[in-house]
Amino acid sequence: MSGCPGSQAFDFRKEKSESVAVETAKLASELRQWPVQLHLINPQAPYYQGTDVVLTADCVGYALGSFHQDYLRGKSIAIACPKLDEGQDTYVEKITSWCDDAKINTLHVLIMQVPCCGGLLQLAKEGVKKATRKVPIKFTVVGLQGDILQEEWVAA
Amino acid sequence: MEKILNQNVKEVLKQYPALEKVLGDFGIGCVTCALGSCMLKDIVEVHNLGPEQETRLMSSIAEIVYPGEKVEVPAIKRTIGRKPHNAPLSPPIHRLVEEHMVIKRFLSLIPKLLADFNIQSAESKSLIREGIGFIRNFADAFHHAKEEKVLFGFFDQNSEIIISFLKEHISGRSHVSAIEAGLISGNEKLVRENLSAYADLLFEHIKKEDEILYPWMDRSLTDTQVGQLFAKFTQIDNEFKASQEKYTTFVADLEKRFQKKHG
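If you're wondering where the values come from, they're calculated on a predicted model, not measured in any experiment.

Take the overall build of chain B next. Across its full length, chain B holds 11 helices and zero strands. The order of helices and strands in chain B, counted from the N terminus, is α-α-α-α-α-α-α-α-α-α-α. Taking all 263 residues of chain B together, the buried fraction comes to 26%. Long-range contacts, defined here as pairs at least 24 residues apart, represent 74% of the contacts in chain B between residues at least 6 apart.

Structure representation (structure tokens):
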């Protein structure tokens, strides 16, 4: 394996059959790709083509206990921190590329209730605005205890 | 109560006319529907009442259908979850509502069109023909096509609710054909009656879609389906771009014309 292992792309889709929703103590991971960090992902990777994408603030996966089952299942993902990450112009370009090149189906943005997280939704809106091909954006605001505070589609 | 819930609303109201007021009190306007073929349980689910409201409705129904008896009031088995009544619609469904606004603006002008209508006047007939053009190309070929060829395909085509809305589309088309026949044959009464009837039908049809059908459909759609709907609607919007602009302008010009004339 050459280069940084953290950014080498892995495509797990063929190994994943449709998960059966069974309540067990140990739940199956619904992650179907690598990498996940928005700086590392290639927006034109095969697992983004025509798919539903979840763009999640870093902390959401820790706050939301059912994240894999309720939000990630069957979707592709990227994560970012709108407060601490640098080079966010690249983020906007990648989101635009999702729309125009990967032709994603929908973009679901999950953010925490803290004010700094709102920036991720703004980045998503900016990226879609710059795209020629528009996609519908949905956003979910997650409370610090994992409760869903708001969930709706962004007005087109 | 399973028996009554699985009956169509027309039959239920025939047996128990007192239920008309009960349904009306809970905002269920199906009593005026000419078809009345939807099952009572489906009607209750589609109207998205809160749990407490639904229990009160079911209790009120039980009091009329089983007076004096102690009846277990069932909760309607939901096929989809509840959402607040004011939850914003998804973008593709919202687009249909925006198209309704253009159609309603035209429908509002029909009384003024008819007030000025003279079957002997070539100009008058020409204006009605332009109106038919709006109905056929904007309301039908563009808007209703999105519903019939795309949106309804995500639902059970055999459900009474979908069938009842499709039948209203067909009724609308019949009225338009009659209007055209009246213009050709010089039958003023035929034109007036059918244009009026078309306006009444569409106003009611749009109200039911905006307030009940679209929110119900929106709650039923998965995110993936919303994305698919959005993409297909965008494709249709692009195909009909020139037509949309033409007919939106037609309605705006007609509004200005009548504003100048009648103030």
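Now that the structure is up, let's keep going.
What follows is about the overall build of chain A. Within chain A, the secondary structure is distributed over four helices and seven strands. Each helix and strand of chain A, placed in order from N terminus to C terminus, yields the pattern β-β-β-α-α-β-α-β-α-β-β. Out of the 156 residues belonging to chain A, those deemed buried represent 37%. Restricting the contact set of chain A to residue pairs at least 6 apart, pairs at least 24 apart contribute 71%.

Let us look at the sheet that holds strand E6 (residues 137-142) of chain A. Residues and elements named next belong to chain A. Strand order in the open sheet formed by five strands is E4-E3-E5-E6-E7, with mixed pairing between adjacent strands. Single-partner strands in this sheet number two, and they are strand E4 (76-80) and strand E7 (148-153). When strand polarity is set aside, the average angle formed by the axes of neighbouring strands in this sheet is 15 degrees. In this sheet, E4 lies alongside strand E3 (residues 52-57) in parallel orientation, the contact comprising five bridges.

Before going further, it helps to examine the domain arrangement of chain B. Residues and elements named next belong to chain B. Domain boundaries assigned for chain B yield domain 1 (2-65) and domain 2 (91-262). Between the C-alpha centres of domain 1 and domain 2 the distance comes to 29 Å. Of the residues lining the interface, nine residues belong to domain 1; the matching set on domain 2 comes to seven residues. Taken together, the residues that form the side of domain 1 that touches domain 2 break down as five nonpolar, three polar and one charged.

Chain B puts 12 residues into the contact, and the matching count from chain A is 12 residues. Those elements giving two or more residues to the side of chain B that touches chain A turn out to be helix H6 (91-116) and helix H10 (223-239) of chain B. By residue number, the principal contributor to the side of chain B that touches chain A is H10 of chain B, which donates seven residues. Taken together, the residues of the side of chain B that touches chain A sort by class into five nonpolar, six polar and one charged.

A separate point is the environment of asparagine 6 of chain B. Residue and element names in this part refer to chain B. Topologically, asparagine 6 is positioned in the loop between helix H1 (2-5) and helix H2 (9-15). Sequence separation between asparagine 6 and glutamine 228 is 222 residues; the distance between their C-alpha atoms is 33 Å. Beyond its immediate sequence surroundings of up to four residues, asparagine 6 is in contact with Met39 and Lys41.

It is worth spelling out the nonpolar core at this point. Within the largest apolar cluster, 39 residues are counted, with the highest numbers of intra-cluster contacts made by Leu107, Val109, Ile111, Leu120 and Ala124 of chain A. Going through the elements one at a time, E3, helix H2 (67-72), E4, helix H3 (88-102), strand E5 (106-112), helix H4 (118-130) and E6 of chain A are the ones with two or more residues in this core. Other than its neighbours up to four places away in sequence, valine 109 of chain A contacts Leu55, Leu120, Leu121, Ala124, Ile137 and Phe139 of chain A. Counting 18 residues, the second largest nonpolar core, distinct from the first, contains Val102, Ile128, Tyr198 and Tyr247 of chain B.

To continue, consider the packing of helix H8 (residues 160-185) of chain B against helix H9 (residues 188-220) of chain B. Residues and elements named next belong to chain B. With their axes 9 Å apart at the nearest point, H8 and H9 run at an angle of 160 degrees to one another. In terms of axis orientation, H8 runs roughly antiparallel to H9. Handedness of the H8/H9 crossing: left-handed. Note on element contacts: H9 touches H8 through Leu190, Val191, Asn194, Leu195, Ala197, Tyr198, Leu201, Leu202, His205 and Leu213, opposite Phe165, Glu168, Ser171, Gly172, His175, Val176, Ala178, Ile179, Ala181, Gly182 and Leu183.

The sharpest bend along helix H7 (residues 122-150) of chain B reaches about 40 degrees and sits at histidine 144 of chain B. Within H7 of chain B the residues assigned to the buried category are Ile128, Gly131, Phe134, Ile135, Phe138, Ala139, His143, His144, Lys146 and Glu147 of chain B.

With that settled, consider the environment of lysine 246 of chain B. All names here are of chain B. Within the secondary structure, lysine 246 is located in helix H11 (residues 241-262). Overall, lysine 246 belongs to the partly exposed group, with 14 C-beta atoms counted inside 10 Å. Put simply, lysine 246 and asparagine 158 are 88 residues apart on the chain and 35 Å apart in space, counted from C-alpha to C-alpha.

This part covers the pairing of E3 of chain A. Put simply, side chains in a regular strand alternate between the two faces of the sheet. Residue and element names in this part refer to chain A. Most of E3 is tucked away: six of the six residues are buried. Taking every second residue as pointing to the same face, both faces of E3 are buried, with Asp52, Val54 and Thr56 on one and Val53, Leu55 and Ala57 on the other. Where E3 meets E5, five bridges bridge the pair, whose relative direction is parallel. When the bridges of E5 are listed, valine 53 appears paired with leucine 107.

This part takes up unusual backbone geometry. Residue and element names in this part refer to chain A. Here the residue pair tryptophan 34 and proline 35 is connected by a cis peptide bond, since its omega of -5 degrees sits within 30 degrees of zero. Tracing the sequence through the fold places proline 35 in the loop between strand E2 (33-34) and E3. Located in the positive-phi region is lysine 103, a residue other than glycine, with phi close to 50 degrees. Topologically, lysine 103 is positioned in the loop between H3 and E5.

Cut-offs and rules
Residues numbered from 1 in each chain as written. Chains lettered and ligands numbered in written order. Predicted model: local features only at pLDDT ≥ 70, side-chain atom pairs only at ≥ 80, totals over all residues. Helix = DSSP H or I, 4+ residues; strand = E, 2+ residues; numbered from the N terminus. Buried ≥ 20, exposed ≤ 12 C-beta atoms within 10 Å, placed from the backbone. Contact = placed C-beta atoms within 7 Å. Pairing = 2+ DSSP bridges. Axes fitted to C-alpha atoms, helices over the stretch in contact; angles between N-to-C directions. Domains from an automatic or database assignment. Nonpolar A, V, L, I, M, F, W, Y, C, P; charged D, E, K, R; others polar. Core = buried A, V, L, I, M, F, W, Y, C linked by C-beta atoms within 7 Å. Parallel < 35°, antiparallel > 145°, perpendicular 65-115°, else oblique. Left-handed = near helix turned anticlockwise from the far one by under 90°. Bend = angle between axes of the 7 residues up to and from the residue.

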